[in-house]
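So the chains spell out like this:
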Amino acid sequence: MQDIEVKTEHRVTKIDPKEKKIQVDNLSKSETQWFPYDQLVIATGARSRRLNIPGNDSKNIFTLKDLQDGIHIKNYIDEKRPNQVAVLGGGFIGLEMCEAFRLRNMETFLFCRRDLPAGNLEREISEKILNELQENGVHFLDHQEPVAFRLNSNGEITSIETSKDQFPADMVLMAVGVIPNVEIARKAGVELGKTGAIRTDTAQKTNLVDIYTAGDCCEAFNLVSQDWVHTPLGDIANKQGRVAGENAAGGRATFLGVVGSAAFKVFELEVAFTGLGTQAAQRYGFEVGSQVIEAESKVGYMPGAKRIVVKLIFDRKNGRVLGAQMVGKEGVARRINTLAVALHQKMTIDEIARLDFAYAPPFSAPMDPILIAAEQAAKKIVK
Amino acid sequence: MSKKEKLVIIGGSAGGPSAAARAKRFNPDLEVTMFEQGRFVSYGS
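Residues numbered from 1 in each chain as written. Chains lettered and ligands numbered in written order. Predicted model: local features only at pLDDT ≥ 70, side-chain atom pairs only at ≥ 80, totals over all residues.

Caption draft 1: Local environment of the interface of chain B and chain A. At the junction of the two partners, chain B supplies 35 residues and chain A supplies 44 residues. Counting residues per element, the ones that place at least two in the side of chain B that touches chain A are β1 (6-10), α1 (15-26) and β2 (31-35) of chain B. At ten residues, α1 of chain B tops the list of elements feeding residues into the side of chain B that touches chain A. For the side of chain B that touches chain A, the residue count by class is 17 nonpolar, twelve polar and six charged. The pairing of strand β1 (residues 4-7) of chain A with β2 of chain B spans four bridges and is classified as parallel. (Contact = placed C-beta atoms within 7 Å. Helix = DSSP H or I, 4+ residues; strand = E, 2+ residues; numbered from the N terminus. Nonpolar A, V, L, I, M, F, W, Y, C, P; charged D, E, K, R; others polar. Pairing = 2+ DSSP bridges.)

Laid out in structure tokens, this is it:
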């Protein structure tokens, strides 16, 4: 018993920062009440974006953001036994769900706007993801822009019309990103950043006195680009929440920022990245160099050794590492954290190439894939 | 007896519960209330 009052099925509809109170709808009783506060934390999260096309509110179209969404999807599959599922969007929710649908033996179609899945990642990484999807029976449909859903008389989708063609589907997962829930904050006068999420600082304060924010509804500072970004991820939310909570309770905690690390799994493949990709780094004005290598996750004679791809992105002028991406069936998701540390410390490629890593045959190679990549990359730095 | 300070948290997924727990640990005298529109809390992290 932690003596924290938790009110579920209560929707906050208004913040009055002058009177320091909030308006709350009790959804189970249809009652509205005002609650006073001394300090407030806005942790309203984000919601799934929906494509604004005809038929987008039918009952067999789903989004996946929270536990309730997952329960809806599972129940629908259990009851209706759909055969063909269309996944719209090749980000990590879409990719993870392709695996989940294939595990339920559903014929799975993945629709992407670009030529490759995980279009925000480097091509060398996305190509491996595409290969893994296809090896596991996912039909990948590139350059598809859904324009409408065709419905039957029950209001259920039977097919998807895209800019190119028409495809049958008896279930649709829309995984096209999230929108921060900022409406009640904005109406109360809380400032938003250029990303559309709530503007904050390293103390997780907002522009309004005694109002803090944390999580998918607010921005985070990217330490590589030195820019405020919207990075809706659970671990960031958790860390920001701790800082917001401590400061709201009278503390002086700080959340200094992110470097942009994340990992996900697609079938047998581990995918992980940190920092900026090539395009983002160019947008921020860096003189970008990159190096891709393929190497074994551990010494080749050890059972379970797998090929992994490492791509390093760096500043050609001063050799500073700007980002890294990896893909492979083993040894990827944890290995990326080494490079996250390098980004936090603003290390150069040369410094990374000389790092003393732990080595034993079951775990790595004498020259770890990161060291091989850095050594190759070092040759491209302007001296 | 002085009135307890009230900390209100809007949202019960990841940021909200972390804020609630840390605030309460930092100052056990706080009266902490967390509102969540859904049926579940702390599913996100």
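Caption draft 2: Just the sheet that holds strand β12 (residues 157-162) of chain A, in detail. All names here are of chain A. Read from one edge to the other, the open sheet built from three strands follows the order β11-β12-β13, with strand pairing classed as antiparallel. Looking at which strands have only one partner, the edges of the open sheet turn out to be β11 (146-151) and β13 (166-168). Averaged over neighbouring strand pairs, the angle between their axes works out to 25° when direction is ignored. The pairing of β11 with β12 spans five bridges and is classified as antiparallel. Paired with P146 across the bridge in β12 is T162. (Axes fitted to C-alpha atoms, helices over the stretch in contact; angles between N-to-C directions.)

Caption draft 3: Here's a closer look at the nonpolar core. Counting residues in hydrophobic clusters, the biggest one holds 110 residues, and the most contacted among them are V41 and V87 of chain A. Beyond its immediate chain neighbours, meaning those up to four positions away, V87 of chain A contacts G94, M97, C98, T108, F109, L110, F111, L173 and A175 of chain A. (Core = buried A, V, L, I, M, F, W, Y, C linked by C-beta atoms within 7 Å. Buried ≥ 20, exposed ≤ 12 C-beta atoms within 10 Å, placed from the backbone.)

Caption draft 4: Seen up close, unusual backbone geometry. Residues and elements named next belong to chain A. Of note, A118 is a non-glycine position whose phi angle comes to about 45°, a positive value. Relative to the helices and strands, A118 resides in the loop between β9 (107-111) and α3 (123-135). Of note in this structure, K346 is not a glycine but carries a positive phi near 55°. Mapped onto the fold, K346 is located in the loop between α7 (336-344) and α8 (349-353). K346 gets classed as partly exposed once you count the C-beta atoms within 10 Å, which come to 13.

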